[in-house]
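Listed below, chain by chain, are the residues.
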Amino acid sequence: MTTPAASPPQPLPAPVPPVNPETREYWTATTRGRLLVKQCADCDSLIWYPRAICPQCGSLHTDWREVSGRGRIYSYTVNHRGEGPYQGAAPFVLAYVELDEGPRMMTNIVEADGAYLTVGLPVEVVFHDTGEGAALPRFRPLRS
Amino acid sequence: MSIRGKAYIAGAYEHPERKIPDKSIAQVHADVAVGALADAGLELRDVDAYFCAGDAPGFGPISMADYLGLTNLTYTDSTETGGSSYVAHVGHAAAAIAEGKCRVALITLAGLPRSQPVPRPSASSLAPEAGFEQPFGPTTVSMYALAARRHMHEYGTTSAQLAAIKVAASEHAQHNPHAMLPKPVTVEEVLDSPVISDPLHRLDCCVISDGGGALVVVAPEIAAALPRRTVKVLGHGEAPKLTSGGRIDLTYTGAVWSGPRAFEEAGVTPGDVDYASIYDSFTITVLQTIEDLGFCEKGKGGAFVADGALVAPHGRLPFNTDGGGLCNNHPVNRGGMTKVIEAVRQLRGEASAPVQVPDCEIAVVNGNGGSLGTRSAAATLILGREDA
């Protein structure tokens, strides 16, 4: 068996996330280019990942809130070994982005040359449609 | 209630093989169970408590209890916190023994990830976080790479410093005839190994091995009647480290909480520790844990390990003298069991002679399960020599 040498990476896959009644509104918003988080109606905390309970105060009263979709890289890695749907997609960038509003979310950095990636780099959200009623919020370097 | 001195580890056994193509998972659980009981001078019929985690095949602890013929059980526990489970199990067993619920507790770990790979349960699409993490392609290595990058950013930690952890483990592994990677390596060799998920290289990662291990924890009166030297359980702590609703901090582990709890119960301080078994899924796991347990100031772990502190027998903090998960064995991708076993060897004076810590009286064992890049579970044990 031979291994093809230096084949160009495939486009980043967009695996379909599991959607349930608790998260449907979030995913529907992504297909319209809007990024939502939850906010606690009692203590005002922003909550990521979105859920029905506030993990800060225990309140069951949480509301959806749209955020700007801008933030900064909190940490990142260029992964050279994709698995599952990402097999063949490497190298790709996995990251945590800290939104301007505060929460840190796992994502991919796209449209970026790895050479200038750095912690603290300003980024903005882009949505990659999965084709199944949900789009993945990924981030690209902010164009000034 | 304190568990200090209320229970003893009387038996410990590590499966000698690292690839087992011709056995079932249950069969390897049986091999290590019988091995640990024989080490203790006990038999299966003496066991009245059974502890296992997610690697045990079947229905919680019940399928394996049935398979092993553990007909005298009064206590079972299948706490599943990944690789730290078995460290936690020792604490749970000691507490149950202290409460009089049982007197002879058997803990087993076994699996065959090399010979019979199965999907990781952590990738369950039913996990509440699944939709917000799995679609972005996280892998085990990349999660720890995120933690390493942030630690480097905040504290100036370098890849060469992380490599020093692997170098120390490899120095130890050369004395272990069962070690999967027995050849000493240099910092340069670690840095020259392929980047898997930057900044982590292949040699920053633990091995993947078939195998397992088992422990027997007993009540003091049973320990006193056994022929072998036993190890005293002095203290235990546990703590999950969570993502806190979007406030994740990648620079520390749950050992910042589990460590002080264990040390307090044991009545000792980090300065009293002669030997440390530190969970080493990746080099960054060791670095953060050493800081979190208080062996050096937060952020100074890089300088600490680069100084040769981890090298046995004479470093400031001799660690993982069997070669650890980085070089010896990381059965079923779960390193907690082998961490306890090597601490038992040290406290019995039965580690490999070149790495046996002289007059080893107090050991710390730290386990970490889950992922430093998301949510994880720390468990810390303080163990003492029989007369400690």
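Residues numbered from 1 in each chain as written. Chains lettered and ligands numbered in written order. Predicted model: local features only at pLDDT ≥ 70, side-chain atom pairs only at ≥ 80, totals over all residues.

Asker: Explain the overall build of chain A here, please?
Answerer: For chain A, the count of helices and strands is 1 helix and 8 strands. Taken from the N to the C terminus, the helices and strands of chain A come in the order α-β-β-β-β-β-β-β-β. With the C-alpha coordinates aligned to their principal axes, the bounding extent of chain A is approximately 60 × 30 × 25 Å. Expressed as a percentage of its 144 residues, the buried residues of chain A come to 35%. In chain A, once contacts between residues fewer than 6 apart in sequence are set aside, the share between residues at least 24 apart is 50%. (Helix = DSSP H or I, 4+ residues; strand = E, 2+ residues; numbered from the N terminus. Buried ≥ 20, exposed ≤ 12 C-beta atoms within 10 Å, placed from the backbone. Contact = placed C-beta atoms within 7 Å.)

Asker: In this structure, what is going on with the overall build of chain B? I would like to understand it.
Answerer: Helices and strands together make up the secondary structure of chain B, namely 12 helices and 11 strands. By the compact-globule yardstick of 21 Å for 388 residues, chain B fits well, its C-alpha radius of gyration being 19 Å. Overall, chain B is about 55 × 45 × 40 Å in size when its C-alpha atoms are taken along their principal axes. Evaluated residue by residue, chain B yields a buried proportion of 63% over its 388 residues. Counted over contacts in chain B with a minimum sequence separation of 6, partners at least 24 positions apart contribute 78%. (Rg over C-alpha atoms; globule rule 2.2 N^0.38 Å.)

Asker: What exactly am I supposed to notice about the nonpolar core here?
Answerer: Within soluble globular proteins, side chains that are nonpolar generally end up buried alongside one another. Residue and element names in this part refer to chain B. Counting 162 residues, the largest nonpolar core has V90, A93, A105, V217, V340 and A363 as its most contacted members. Two domains each provide a minimum of three residues to this core, namely domain 1 (8-117 + 210-230) and domain 2 (138-205 + 235-385). Apart from the residues within four sequence positions on either side, V340 is in contact with Y86, V87, V90, L215, S277, V365 and L381. (Core = buried A, V, L, I, M, F, W, Y, C linked by C-beta atoms within 7 Å. Domains from an automatic or database assignment.)

Asker: Teacher, can you tell me more about the domain arrangement of chain B here?
Answerer: It is common to give the size of an interface as the accessible area lost on bringing the parts into contact. All names here are of chain B. The domains assigned to chain B are domain 1 (8-117 + 210-230) and domain 2 (138-205 + 235-385). A C-alpha centroid distance of 23 Å is found between domain 1 and domain 2. Contacts between domain 1 and domain 2 engage 27 residues on the former and 29 residues on the latter. Put simply, the parts of the chain that give the side of domain 1 that touches domain 2 at least two residues each are β1 (8-14), α3 (85-98), β4 (104-111) and β7 (211-218).

Asker: Sorry, what's going on with the interface of chain B and chain A here?
Answerer: Between chain B and chain A, the contact holds 29 residues from the first and 36 residues from the second. Listed by contribution, the elements that provide at least two residues to the side of chain B that touches chain A are α4 (140-155) and β5 (195-197) of chain B. Among the elements that line the side of chain B that touches chain A, the one with the most residues is α4 of chain B, at 7 residues. Tallied by class, residues from the side of chain B that touches chain A come to 13 nonpolar, 10 polar and 6 charged. (Nonpolar A, V, L, I, M, F, W, Y, C, P; charged D, E, K, R; others polar.)

Asker: How should the packing of α4 of chain B against helix α9 (residues 283-292) of chain B be read in this particular structure?
Answerer: A pair of packed helices is characterised by two quantities: the angle between their axes and the separation of those axes. Residues and elements named next belong to chain B. In contact at an axis separation of 9 Å, α4 and α9 are set at 50° when each is read in the N-to-C sense. With respect to each other, α4 and α9 are oriented oblique. Of the two elements, α4 crosses α9, and the hand of that crossing is left-handed. Here Y144, A147, A148 and H151 of α4 lie close against α9, whose contacting residues are I284, T285 and Q288. Its residues assigned to classes, the contact of α4 with α9 comprises 4 nonpolar, 3 polar and no charged. (Axes fitted to C-alpha atoms, helices over the stretch in contact; angles between N-to-C directions. Parallel < 35°, antiparallel > 145°, perpendicular 65-115°, else oblique. Left-handed = near helix turned anticlockwise from the far one by under 90°.)

Asker: What am I meant to see in the confidence of the model for chain A here?
Answerer: Fine structural detail should not be taken from predicted coordinates in areas where pLDDT scores are low. Overall, the prediction assigns chain A a mean pLDDT of 92, with 91% of residues at 70 or greater. In the model, residues 1-9 of chain A has pLDDT below 50 throughout and makes 3 contacts with residues more than four positions away in sequence or in other chains. (pLDDT = per-residue confidence, 0-100.)

Asker: What exactly am I supposed to notice about the sheet that holds β7 of chain B here?
Answerer: Where strands meet in a sheet, backbone hydrogen bonds hold them as pairs that are either parallel or antiparallel. Residue and element names in this part refer to chain B. Across the sheet, which stays open at both edges, the 9 strands sit in the order β3-β2-β4-β7-β1-β8-β11-β10-β9 with mixed pairing between neighbours. A single partner strand is all that each edge strand has here, and the edge strands are β3 (75-77) and β9 (275-278). Ignoring strand direction, the axes of neighbouring strands in this sheet form an average angle of 20°. As judged from the 4 bridges shared by β9 and strand β10 (residues 362-370), these two strands associate in the parallel manner. The residue of β10 that forms the bridge with I278 is N366. Across the sheet, α3 is in contact with β1, β2 (49-51), β3, β4, β7, β8 (231-241), β10 and β11 (376-385); its angle to β4 comes to roughly 165°. Across the sheet, helix α12 (residues 336-348) is in contact with β1, β4, β7, β8, β9, β10 and β11; its angle to β10 comes to roughly 175°. (Pairing = 2+ DSSP bridges.)

Asker: Got a minute to help me understand the confidence of the model for chain B in this structure?
Answerer: Summary statistics for chain B give a mean pLDDT of 97 and a share of 99% for residues scoring 70 or more. Scored as a whole, the predicted complex attains pTM 0.96, and scored at its interfaces, ipTM 0.95.

Asker: Is there a simple way to think about the environment of D307 of chain B in this case?
Answerer: As for its position among the elements, D307 of chain B is in the loop between α10 (301-306) and α11 (324-328). In this structure, the C-alpha to C-alpha distance between D307 of chain B and D274 of chain B, residues 33 residues apart in sequence, is 17 Å.

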